[in-house]
Amino acid sequence: EISECLVGSEMCIRDRLDISDSNVNDLEAAFKKFSEFELLPFKSSNGTDVEAKKQTFVDKLPEVLLIQLKRFAFVSTSVEDKNMANYNSYSGRIEKIRKKIDYPHHLTIPKETVSSHALKYNENNRQYELSGVIYHHGVSPDGGHYTADIHHKESDKWYRIDDVNITALKPEEALEVKQDNIGSRTAYILLYQKV
């Protein structure tokens, strides 16, 4: 699902990037996975079984890129899991994907994930700079806490926002892209601006 949205007067693309694949450990791999083709079986109008090729591309390279990582996944439930808090008696539960995803401060959208139409007009303009990160703290999809690290462009400083507390970050803290050891603090939404 790709949808366009407005942030102030800037256009952006919003989409959930799937990070559940074991080979996806960074944004570049997530973008490439997003654009992999898949074969979809269906019956044609004359009743013949055929396969269609489906592939998704970024069609516009916006000034502001808002990336939501798909941090929550449906997991089928076995009989042993029925006493779990997130259990859905019909078929499963929702779990947080707690793995670390690396995201760069300077992002180049992979060429193979951009449509030929967009490349025609933006061949060398796939460069973005990180301007904010929203983190989800907690291991449950039912709750948690959100904080944000935001870059103030005019002062070239990073700030951490945690409810009503705003803390200036040291340069080395702002450049860290890590989560805590148990995976309860994970990057959830990334905000990039075109360079």
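All values reported here derive from a predicted model rather than from experimental measurement. (Residues numbered from 1 in each chain as written. Predicted model: local features only at pLDDT ≥ 70, side-chain atom pairs only at ≥ 80, totals over all residues. Heavy atoms only, no water.)

With that settled, consider the overall build of the chain. A count of helices and strands for the chain gives three helices and 13 strands. When the 195 residues of the chain are sorted by exposure, 33% land in the buried category. Partitioning the contacts of the chain with sequence separation of at least 6, the portion at a separation of at least 24 is 59%. For the chain, the accessible area works out to roughly 12,100 Å², and carbon and sulfur atoms hold 51% of it. (Helix = DSSP H or I, 4+ residues; strand = E, 2+ residues; numbered from the N terminus. Buried < 20%, exposed > 50% of the residue type's maximum accessible area, 1.4 Å probe, protein only. Contact = heavy atoms within 4.5 Å. Areas by Shrake-Rupley, 256 points an atom, 1.4 Å probe, with all protein chains shown as cover.)

As a further point, take unusual backbone geometry. Of note, D156 is a non-glycine position whose phi angle comes to about 55°, a positive value. In this structure, D156 sits in the loop between strand 10 (145-152) and strand 11 (157-162). A positive phi angle, near 55°, is found at D163, a position not held by glycine. Examined against the element boundaries, D163 turns out to sit in the loop between strand 11 and strand 12 (165-168).

With that out of the way, let us pick up helix 1 (residues 27-34). Listed in full, the buried residues belonging to helix 1 are L27, A30, F31 and F34. Along the long axis of helix 1, the arc covered by the buried residues comes to 100°, so they all point the same way. (Arc of directions from axis to C-beta.)

Turning to the pattern of salt bridges, a few remarks are in order. Enumeration over the complete set of coordinates arrives at nine salt bridges. E112 serves as the salt-bridge partner of K32, at 3.4 Å between the closest nitrogen and oxygen. Within this pair, whereas K32 is found in helix 1, its partner E112 is found in the loop between strand 8 (106-108) and helix 2 (116-122), the two being separated by 80 residues in sequence. Looking at E112, the relative accessible area reads 43%, which means it is partly exposed. Taking the shortest distance from any N to any O, the salt bridge between E38 and K54 comes out at 3.8 Å. In this pair, E38 sits in strand 3 (residues 38-43) while K54 sits in strand 4 (residues 49-54), placing the two residues 16 residues apart along the sequence. Counted as one network, the salt bridges with shared partners bring together D21, K33 and E36. (Salt bridge = Lys/Arg side-chain N within 4 Å of Asp/Glu carboxyl O.)

This brings us to the confidence of the model for the chain. Close reading of the predicted structure is inappropriate where its pLDDT is low. Of the residues in the chain, 79% have a pLDDT of 70 or more, and the chain-wide mean is 79. Per-residue pLDDT, averaged within each element of the chain, yields its smallest value for strand 1 (residues 3-7) (41) and its largest for strand 12 (95). Taken as a whole, residues 1-14 scores under 50 in pLDDT and shows 37 contacts with residues more than four places along the chain or in a different chain. (pLDDT = per-residue confidence, 0-100.)

Both strand 9 (residues 127-137) and strand 10 contribute to a ladder of six bridges, which runs antiparallel. Each bridged residue has a counterpart across the sheet, and for H136 the counterpart in strand 10 is Y146. Between strand 10 and strand 11, which pair antiparallel and follow one another directly, the connecting turn spans four residues, one of which, D156, has a positive phi of 55°. (Pairing = 2+ DSSP bridges.)

Counting 29 residues, the largest nonpolar core has L27, I67, Y103, L107 and Y192 as the members making the most contacts within it. Sequence-distant contacts of L107, that is, excluding residues within four places in its chain, are made with L27, F31, L65, I67, R126, Q127, Y128 and Y192. (Core = buried A, V, L, I, M, F, W, Y, C linked by side-chain atoms within 4.5 Å.)

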